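Here is how the chains run, residue by residue.
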Amino acid sequence: MSDFTSDMPRRRHAAKRGTEFFIYFSLIFVLAIPFAMAFWLLEVFQKQTLNLHGPLARAWAEADRITPILFSA
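Rules used throughout
Residues numbered from 1 in each chain as written. Predicted model: local features only at pLDDT ≥ 70, side-chain atom pairs only at ≥ 80, totals over all residues. Heavy atoms only, no water. Helix = DSSP H or I, 4+ residues; strand = E, 2+ residues; numbered from the N terminus. Contact = heavy atoms within 4.5 Å. Salt bridge = Lys/Arg side-chain N within 4 Å of Asp/Glu carboxyl O.

Visitor: Hey, could you go over the environment of P68 for me, with residue numbers and the actual values?
Guide: Turning to its location among the elements, P68 is positioned in helix α2 (residues 55-72). When the C-alpha atoms of P68 and Y24 are compared, they prove to be 9.7 Å apart, with 44 residues separating the residues in sequence. Apart from residues lying up to four places away in sequence, P68 is in contact with F21 and A63.

This is the structure:
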């Protein structure tokens, strides 16, 4: 069996995130915190459990989801 992985150029899985990306990410993250807090509290009261992702984790996930979409457009 041959190993062809060394003949192929290596690809980076993630693009380099520059300063502009982190500025947009930070703004979206800060703006998402109040909404994430409200939805988290609503879900805590509905499900009556604290075994959920917290509001900061939710805001981080939203910023991480939205920011690359802005840069791909």
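Visitor: Any chance you could break down the pattern of salt bridges for me, citing the residues and the numbers?
Guide: Within the structure shown, the criterion is met by three salt bridges. Salt-bridge contacts for K47 lead to E43; the nearest nitrogen and oxygen are separated by 2.9 Å. Of this pair, K47 and E43 both sit in helix α1 (residues 19-47), four residues apart, which is roughly one turn of the helix. Each member of the salt-bridge network shares a partner with another, and the members are E43, K47 and R58.

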